[in-house]
Amino acid sequence: YLNLGANKYDLAVRANGSPDVLYSYRADLTGLAGNAVTVFASGLIGGIPDFGLFAALSDGTVAELPLTPTARVQVIHNAPDPSVDVYAGSTLLINDFNFRTATPFVTLPANRTFTVGVAGNGSTSSADVLFSFPVSFETGKTYAVFASGIPADVNTPFTLLVDEARETAIDPTKVEFATLHGSPGAPAVDVAVYNGPTLISDIAYGEFTPYLGVDPGVYLLQVKAAGTSTVVGTFRADLSGLDGQAARVFASGILNGTPAFGLFAAFPDGTVVEFPPASTNGRIQIIHNSPSATVDIYADNSLLVDDLVFRTATAFIDVPGDVPVNVKIAPANSTSAADAFASFPATFEVGKTYVITAAGIVNDPTTPFNLFINENGKEAAQFPFGVDVAVFHGATNAPAVDVDAVFDAPNVVQNLAYGNYTSYLNL
């Protein structure tokens, strides 16, 4: 006889010596204080009558124990702390659980309160638990449980944050994600698509958002101090090919501290990916090769380059990426973009490098003034030896040409016509 408190218990049936649960039954002993009960296994595994557990009371009453009601649960370690061990009651649930990792969704007992305990890595039993939290899950529901906060910090203490979750997207054509602000000490934030809509507004530390469905693709997500244009960080979220998937996105780490602030996503199989920090700019160099006067160059209405002289070039400079801009050319000493005599629409991809050559002759119908863009520009050679050289044919009345390198193979460039670039040659 085991003397048990008058509570709810889940009785797990396992093959001798195996950790795998074959069956689990709910024994509700509430209201039976003082009683003696015999629990017996009955029936045939895989046969008729079915296998089951039954309880015989002293008055002759026999009750069949129902199967344990269950919930689906994923646990995510987002407390900036070393690895830990996690216990459910006295049972080791997760061993050596590392910061910014997650379990897959697992099945746990529902409709009863049990204690989740957190112990240091290498613990020997639940007696080593340092933090304990009562939890209860509703039958048939799905949850995400985040370890969050900082031990011994009175403002953001270590705790468990629980929210309902999904294992798949409701809309199979979308990627659906819910977000947790899990960065202790960070202010409330907004999350917006770069040069796009605001997805999340005014989420404070410890708060969850509802699920949001977006089309699969690559997004630049900007985290801003709530209600302001102050960017805390920009991150590249590659959601390509994730149609029908659901994820938990979480802010993690310490803003301007260690471990560094970042955005992460936990997927149902336990995979955690980091959204890497990203630039919002493209990089361009402009070369003035049109036999005309000195010019000013604008990006939309903003002066980009002042007084660019024929046969000179800018250094590589940043321009807004992934947004349409009009590159406008105006005479030197212009007062605004309204003085421009030519305008060229362009979109520069974030993270890409471009070389733009102004060539041609203003008001010449045969070889008019134009901007010629090399979309595969470089700021440095691919290898530390040699020099990477690209050739542009910018002589308006010259035929197609070959170019020889005297100390290299002949005709390193062949049949290059006006207005064209070569790929880079390492010489």
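Residues numbered from 1 in each chain as written. Predicted model: local features only at pLDDT ≥ 70, side-chain atom pairs only at ≥ 80, totals over all residues. Heavy atoms only, no water.

A.B. asks: Let's hear about the pattern of salt bridges: which residues, and what values?
C.D. replies: Pairs can form between side chains of opposite charge whenever their charged atoms are close. Going through the model one piece at a time under the given rule, you end up with 11 salt bridges. In this structure, the salt-bridge partner of D10 is R112, at a minimum N-O distance of 2.8 Å. Here R112 lies in the loop between strand 9 (106-109) and strand 10 (113-120) and D10 lies in strand 1 (residues 8-14), a separation of 102 residues in the sequence. Here D388 and K378 are joined by a salt bridge, their closest N and O atoms 2.8 Å apart. Remark: K378 occurs in the loop between strand 30 (370-374) and strand 31 (388-389) and D388 occurs in strand 31; sequence separation between them is 10 residues. The exposure class of D388 is buried, given its relative accessible area of 14%. Through salt bridges that share partners, D10, R26 and R112 make up one connected network. (Salt bridge = Lys/Arg side-chain N within 4 Å of Asp/Glu carboxyl O. Helix = DSSP H or I, 4+ residues; strand = E, 2+ residues; numbered from the N terminus. Buried < 20%, exposed > 50% of the residue type's maximum accessible area, 1.4 Å probe, protein only.)

A.B. asks: Could you give an account of the packing of aromatic side chains, with specific residues and numbers?
C.D. replies: A complete count under the given rule lists 19 aromatic pairs for this structure. Centroid distance Y25 to F51: 6.4 Å. Interplanar angle 50°. Geometry classified as tilted. In this pair, Y25 sits in strand 2 (residues 21-28) while F51 sits in the loop between strand 3 (38-42) and strand 4 (52-56), placing the two residues 26 residues apart along the sequence. Per residue, the accessibility class of Y25 equals that of F51, and both read buried. What links up through ring pairs into an aromatic cluster is the set F146, F208, F250 and F264. (Phe/Tyr/Trp six-rings, centres within 6.5 Å; stacked < 30°, edge-to-face > 60°.)

A.B. asks: Mind laying out the layout of surface pockets, listing which residues take part and the relevant values?
C.D. replies: Space inside the largest pocket adds up to approximately 1,300 Å³. As for the largest pocket, its lining consists of 46 residues, of which Y9, D10, L11, A12 and A27 are closest to the centre. Looking at the lining of the largest pocket, the elements with two or more residues in it are strand 1, strand 2, strand 5 (62-64), strand 8 (91-97) and strand 9. Grouping the amino acids of the lining of the largest pocket by side-chain chemistry returns 28 nonpolar, 11 polar and seven charged. (1 Å grid on protein atoms, 1.4 Å probe; cavity = no way out; pocket = protein on both sides within 12 Å on 5 of 7 lines; lining within 4 Å. Points joined across faces, edges and corners; volume = space filled by probe spheres on them. Nonpolar A, V, L, I, M, F, W, Y, C, P; charged D, E, K, R; others polar.)

A.B. asks: Run through the sheet that holds strand 6 (residues 70-77), naming residues and quoting values.
C.D. replies: As summarised here, the arrangement of the four strands in space is 9-6-12-13, forming an open sheet in which the pairing is mixed. At either end of the open sheet lies a strand with only one pairing partner, and these are strand 9 and strand 13 (159-164). Across the sheet, the axes of successive neighbouring strands diverge by a mean angle of 40°, strand direction being ignored. Bridge count between strand 6 and strand 9: four bridges; the pairing is antiparallel. Its bridge partner lying in strand 9, R72 is registered against T107. (Pairing = 2+ DSSP bridges. Axes fitted to C-alpha atoms, helices over the stretch in contact; angles between N-to-C directions.)

A.B. asks: Outline the pairing of strand 2, supporting the account with residue identities and numerical values.
C.D. replies: Note: strand 1 against strand 2, seven bridges, orientation antiparallel. Its bridge partner being in strand 2, R14 is matched across the sheet by V21. Hairpin connection, strand 1 to strand 2: the antiparallel pair is bridged by six residues, and G17 has positive phi, about 85°.

A.B. asks: Which residues make up empty space enclosed by the protein, and what values go with them?
C.D. replies: Here the structure, examined in full by the defined rule, presents seven cavities of 30 Å³ or more. Counted as a void, the largest cavity has a volume near 150 Å³. Residue lining of the largest cavity: 16 residues in total, with V75, V86, V116, V145 and L160 positioned closest to the centre. Elements supplying a minimum of two residues to the lining of the largest cavity: strand 6, strand 7 (84-88), strand 8, strand 10 and strand 12 (142-148). Sort the elements by how many residues they give to the lining of the largest cavity and strand 10 lands first, with three residues.

A.B. asks: Can you tell me about the sheet that holds strand 26 (residues 317-320), naming the residues and giving the values?
C.D. replies: Taken together, the four strands give an open sheet; going across it, the order is 26-23-29-30, and neighbouring strands pair in mixed fashion. Two strands lie at the open edges of the sheet, namely strand 26 and strand 30, each paired on one side alone. Within this sheet the neighbouring strands show an average axis-to-axis angle of 35°, counted without direction. Where strand 23 (residues 281-288) and strand 26 come together, four bridges link them in antiparallel fashion. Counterpart to R283 in the pairing with strand 26 is D318.

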